[in-house]
Amino acid sequence: MDQENDIRSPIAPTLVELGRAVGFSIFVTVLILVTLVLPAEYGIDPLGAGRALGITVLAPSTEALVPVPPPNSAVLAPVQEGLVAYYPGEYQVDSREFVLGPYEYVEYKYHLAQNATMLFSWVASGDVAHDFHGDRDGAPASAAQSFDQQPRRKADGSFTAPFSGIHGWYWENPGGNTVTVRVTTSGFYTAAHEFHFDGTRVPREVRALDAITARRD
Amino acid sequence: MIQKIMMRLFVMAALVVGASNTFAHEDYRVIGTVMKYQDSRIEVESKDGNTTSIRLDRQTAITRDTQKVDVTELEVGLSVVVDAYGDSAEDALALEIRIVPPIVNP
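If you're wondering where the values come from, they're calculated on a predicted model, not measured in any experiment.

### Observations concerning the overall build of chain A
- Helices and strands together make up the secondary structure of chain A, namely four helices and 13 strands.
- Expressed as a percentage of the 217 residues in chain A, the buried residues total 41%.
- Pairs at least 24 apart in sequence give 73% of the contacts found in chain A among residues at least 6 apart.
- Split by element, the accessible area of chain A, about 12,500 Å² in all, is 56% carbon and sulfur.

Written as structure tokens, this is what we have:
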């Protein structure tokens, strides 16, 4: 009889217990994600735990997966003095032409410090889909912030970077004919990166204005 | 007690897998002509002569003129634009395959 009384129905956990269990699970999950999964799977190691455990070597070595690192050179961050912004480096200029075959796309972006300014002008020989956007330093491309996607064949303007990172354009040829995009920029950026539709990326040199005027002399 | 631990481990595993999958791989586009379609893989020859083999799954959208079409519409010789993601183009999974008018290489 006593044995029969011992057979009890399970006690359902209270909401507080459930919440505590879920909270604990989420905490441990984030810990595992940040210390083990991200370093080993993607080479992203925000806490340095992956390097300490020696598991970052497991991450795929495909360079394309790694966000574009900030440039090694001095960051051209403006120093505001009243209405004037001064920069600790030279004014840069750049000009590129991209020939987009049918359905091809290209991204071209410059590294700008927060509040740094750039002037730009681009024109396409045909219809293009475009997206003027930026990626924060160290953030994955999927976290990009879009600034302008209005349909246009040309644009002239100025841009002040809302955050430090790479900022620039995505141009896509939506049709079967070849389209040429020509872009000219100037401003206080330190590096340029070209991203192709096949997943490859190419760093491009930008030039100081002095380099151009000196060549003319 | 064991049930509780198992449940916690299950929730953690589900969260880890889910969270890690949200970190995007690289996007690729392959443009060219279908050379082969077999066993959930499509081989596409691009204009530079390279052939890329890309995986398909049930989520892969096949479209023509922005309309979804059946996978059986994929035929050798068609011009396609494949948007895929993965660690590399060879390892990529096709997200969308657009059947486009014949591409005339310049």
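Anyway, onward from the coordinates.
### Topic: the sheet that holds strand β5 (residues 117–124) of chain A
All names here are of chain A.
- Spatially, β8-β5-β10-β3-β13 is the arrangement adopted by the five strands of the open sheet, whose pairing is antiparallel. One side of each edge strand has no neighbouring strand; the edge strands of this open sheet are β8 (154–160) and β13 (207–208).
- Here strand β3 (residues 92–100) runs beside strand β10 (residues 179–187); their pairing, made up of nine bridges, is antiparallel. Among the inter-strand pairings, Leu100 is bridged to a residue of β10, identified as Val179.

### Brief notes about the environment of Thr66 of chain B
Residues and elements named next belong to chain B.
- Structurally, Thr66 is set in the loop between β4 (61–64) and β5 (67–68).
- The class for Thr66 is exposed, based on a relative accessible area of 74%.
- As for Thr66 and Val100, which are separated by 34 residues in sequence, their C-alpha atoms are 9.8 Å apart.

### A word on the side chain of Ser186 of chain A
Residue and element names in this part refer to chain A.
- With respect to the helices and strands, Ser186 occurs in strand β10.
- Within the structure, Ser186 has its side chain in polar contact with the side chain of Tyr91 (distance 2.9 Å).
- If we ignore the near neighbours within four places in the chain, the residues touching Ser186 are Tyr91, Gln92, Val93, Met118 and Leu119.

### Quick look at the sheet that holds strand β9 (residues 165–172) of chain A
Residue and element names in this part refer to chain A.
- One open sheet accounts for six strands, arranged β7-β6-β9-β4-β11-β12; its pairing is antiparallel. Each edge of the open sheet is held by one strand with a lone partner, namely β7 (145–148) and β12 (201–204). Each strand axis lies, on average, 25 degrees off the axis of its neighbour in the sheet, ignoring direction.
- Relative to β9, strand β6 (residues 129–136) runs antiparallel, the two sharing eight bridges. Its bridge partner lying in β9, Arg136 is registered against Gly165.

### Regarding the pairing of β10 of chain A
- In this structure, β5 of chain A lies alongside β10 of chain A, joined through seven bridges in antiparallel fashion. Across the sheet, Leu119 of chain A pairs through a bridge with Ser186 of chain A, a residue of β10 of chain A.

### Comments concerning the packing of aromatic side chains
All names here are of chain A.
- Tallied over the full model, the rule gives 17 aromatic pairs over all chains.
- Aromatic pair Phe132 and Trp169: ring centres 4.8 Å apart, planes at 10 degrees, arrangement stacked. With Phe132 in strand β6 and Trp169 in strand β9, this pair connects stretches of sequence that are 37 residues apart.
- Residue class for Phe132 comes out buried when judged on its relative accessible area of 6%.

### Some words on the confidence of the model for chain B
Residue and element names in this part refer to chain B.
- This prediction gives chain B a mean pLDDT of 83; 73% of its residues lie at or above 70.
- Overall, residues 17–24 carries pLDDT values under 50, and its contacts beyond four positions in sequence, including any with other chains, amount to eight contacts.
- We note a pTM of 0.69 for the whole complex and an ipTM of 0.74 for its interfaces.

### Examining the pattern of salt bridges
- Counted under the stated rule, the structure contains 13 salt bridges over all chains.
- A salt bridge links Lys109 of chain A to Asp135 of chain A, with the nearest nitrogen and oxygen atoms 2.5 Å apart. Of this pair, Lys109 of chain A sits in strand β4 (residues 105–112) while Asp135 of chain A sits in strand β6, placing them 26 residues apart in sequence.
- Lys109 of chain A sits in the buried class, given a relative accessible area of 4%.
- Accessibility expressed as a relative area gives 5% for Asp135 of chain A, which makes it buried.
- Note that Glu172 of chain A and Arg98 of chain B form a salt bridge whose closest N and O atoms lie 3.7 Å from each other. Pair noted here: Glu172 of chain A is in strand β9 and Arg98 of chain B is in strand β7 (residues 93–100), and the two residues belong to different chains.
- Classification of Glu172 of chain A as buried rests on a relative accessible area of 12%.
- Shared partners join several salt bridges into a network, and the residues in it are Glu172 of chain A together with Arg29, Asp83 and Arg98 of chain B.

Quick notes on the rules
- Residues numbered from 1 in each chain as written.
- Chains lettered and ligands numbered in written order.
- Predicted model: local features only at pLDDT ≥ 70, side-chain atom pairs only at ≥ 80, totals over all residues.
- Heavy atoms only, no water.
- Helix = DSSP H or I, 4+ residues; strand = E, 2+ residues; numbered from the N terminus.
- Buried < 20%, exposed > 50% of the residue type's maximum accessible area, 1.4 Å probe, protein only.
- Contact = heavy atoms within 4.5 Å.
- Areas by Shrake-Rupley, 256 points an atom, 1.4 Å probe, with all protein chains shown as cover.
- Pairing = 2+ DSSP bridges.
- Polar contact = N/O pair within 3.5 Å; in protein donor to acceptor, adjacent residues only side chain to side chain.
- Axes fitted to C-alpha atoms, helices over the stretch in contact; angles between N-to-C directions.
- Phe/Tyr/Trp six-rings, centres within 6.5 Å; stacked < 30°, edge-to-face > 60°.
- pLDDT = per-residue confidence, 0-100.
- Salt bridge = Lys/Arg side-chain N within 4 Å of Asp/Glu carboxyl O.

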